[in-house]
Amino acid sequence: MTELARAAGAVRDARRVVVLTGAGMSAESGVPTFRDAQTGLWSTFDPERLATPAAWRADRATVFAWYCWRSTLVRTVEPHAGHVALARLAERVPVDVVTQNVDDLHERAGSQVLAHLHGSLLAYRCDTCGRPAPVPAPLAEPVPRLEPPRCAADDGWVRPGVVWFDEPLPADAWRAARDAVEGLTRQDVLLVVGTSGVVQPAASLPLLGRAAGALVVEVNPVGSELSEVCHVHVRAGAAEALPELVG
Ligand code: OAD
């Protein structure tokens, strides 16, 4: 039996499915993964250095310009067949989607997302009082610097609603994700799609799912830090593998 057939059989018989997605889930929609080379204006910037509270304090205009461009891009892309397949699966069996992605492609395909572990590119807020702020207007083209707006309530800076390195995850999202995974049983499946598994604590979820007894299935064209934790390895992209896996 192929790995895909084994995974498909387990999904077909599952009582519940939790799906953990990472940047590879959005890759075939045209969102570059976090650790791919960036293109154009941003090709000389290291995302891991822009996505930090320290970078924000040192140079808000550069960080804000980068996020505005990413927010713009995310609004121009569409969910792919893999996103749609997960939404369809939820019509047959309870599915909890936990994502590290900051786009809204799961929602636009029709899935309800249980937890956005790393926040959202489409939810800006004041960096002082936390009040929600409007998403900036799309940019016609990338710009190297853009002064962030100020909060209407307390004049704080408006920042993207994503989790940066060195910041804690939103407590509610993390609790919901952990509870979902720890609540899995031997009749259930944890699908781990498109994540390199290098960023904690998200990368600990597959281990918790395995400890709970679930069959852990990796969907990734190549191996990852999580491959050893997974029972089944489907070596294909999400847009191709997921429709077959849940079909
Ligand atoms: P990465 O960019 O680290 O990893 C993407 C993974 O997707 C890799 O393992 C690729 O092999 C795989 N991949 C590529 N194309 C794929 C495809 N078509 N189908 C399936 N898989 C594919 O992204 P993440 O693991 O999501 O956090 O990174 C985790 C976190 O690191 C991100 O959420 C972000 C970053 O720091 C924050 O911004 C806090």
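Since this is a predicted model, take the numbers as computed values, not measurements.

Analysis parameters
Residues numbered from 1 in each chain as written. Predicted model: local features only at pLDDT ≥ 70, side-chain atom pairs only at ≥ 80, totals over all residues. Heavy atoms only, no water. Buried < 20%, exposed > 50% of the residue type's maximum accessible area, 1.4 Å probe, protein only. Helix = DSSP H or I, 4+ residues; strand = E, 2+ residues; numbered from the N terminus. Contact = heavy atoms within 4.5 Å. Pairing = 2+ DSSP bridges. Axes fitted to C-alpha atoms, helices over the stretch in contact; angles between N-to-C directions. Salt bridge = Lys/Arg side-chain N within 4 Å of Asp/Glu carboxyl O. Arc of directions from axis to C-beta. Core = buried A, V, L, I, M, F, W, Y, C linked by side-chain atoms within 4.5 Å.

Visitor: Summarise helix H10 (residues 238-246); cite the residues concerned and give the values.
Guide: Among all positions in H10, only Ala238, Ala239, Ala241, Leu242, Leu245 and Val246 are buried. Lining the buried residues of H10 we find helix H1 (3-13), helix H2 (23-27), helix H6 (81-89), strand S7 (189-193), strand S8 (215-219) and strand S9 (232-234).

Visitor: Give me the lowdown on the sheet that holds strand S4 (residues 119-126), citing residues and values where you can.
Guide: Spatially, S5-S4-S6 is the arrangement adopted by the 3 strands of the open sheet, whose pairing is antiparallel. The open sheet terminates on both sides in strands that have one partner only, identified here as strand S5 (132-133) and strand S6 (158-162). With 5 bridges connecting them, S4 and S6 associate as antiparallel partners. When the bridges of S6 are listed, Ser120 appears paired with Gly161. Lying on the sheet, helix H5 (residues 60-76) is in contact with S4 and S6; it crosses S4 at an angle near 135°.

Visitor: Describe the sheet that holds strand S3 (residues 113-116), with residues and values.
Guide: Ordered in space as S3-S2-S1-S7-S8-S9, the 6 strands form an open sheet in which the pairing is parallel. On the outer flanks of this sheet lie S3 and S9, each paired with one strand and no other. In this sheet, adjacent strand axes meet at a mean angle of 20° when their direction is disregarded. Sitting on the sheet, H1 touches S7, S8 and S9, and the angle it makes with S9 is about 115°.

Visitor: Any chance you could break down unusual backbone geometry for me, citing the residues and the numbers?
Guide: That bond from Gln200 to Pro201 is cis: its omega, 5°, falls within 30 degrees of zero. Relative to the helices and strands, Pro201 is located in the loop between S7 and helix H9 (205-212). Phi at Asp155 takes a positive value of approximately 70°, unusual for a residue other than glycine.

Visitor: An account of the pattern of salt bridges is requested, with residue identities and associated values reported.
Guide: Following the criterion strictly, the structure yields 8 salt bridges and no others. Salt-bridge contacts for Arg145 lead to Asp59; the nearest nitrogen and oxygen are separated by 2.7 Å. Linking Arg145 in the loop between S5 and S6 with Asp59 in the loop between helix H4 (53-58) and H5, this pair joins segments that are 86 residues apart in sequence. A salt bridge links Arg108 to Asp104; the shortest N-O distance between them is 3.1 Å.

Visitor: Describe H9, with residues and values.
Guide: It helps to recall that an α-helix has 3.6 residues per turn; residues three or four apart then point in one direction. Every buried residue of H9 is accounted for by Leu205, Pro206 and Gly209. Angularly, the buried residues of H9 cover 100° about the axis, an arc narrow enough to put them on a single face. Exposed positions of H9 whose direction lies more than 90 degrees from the buried face are Leu207 and Ala211. Where H9 is buried, its residues contact strand S1 (17-21), strand S2 (95-99), helix H8 (171-182), S7 and S8. Looking one or two residues beyond H9, the residue adopting positive phi is Gly213, at roughly 110°.

Visitor: For the nonpolar core, give the residues involved together with the corresponding values.
Guide: Side chains that are nonpolar tend, in soluble globular proteins, to be buried together. Grouped together as the largest cluster of nonpolar side chains are 27 residues, with contacts concentrated most on Val17, Val189, Leu191, Val193, Val217, Leu242 and Leu245. Every element with two or more residues in this core is listed here: H1, S1, H6, S2, S7, S8, S9 and H10. When sequence neighbours within four positions are dropped, the list of residues in contact with Leu191 reads Val11, Val17, Val18, Val19, Leu20, Leu86, Val217, Leu242 and Leu245.

Visitor: I'd like to hear about the side chain of His106, residue by residue, with values.
Guide: Looking at where His106 falls in the secondary structure, it is placed in helix H7 (residues 105-109). Classification of His106 by relative accessible area gives buried; the value is 3%. Excluding its chain neighbours within four sequence positions, the residues that come into contact with His106 are Thr21, Met25, His83, Leu86, Val97, Thr99, Ser111 and Val113.

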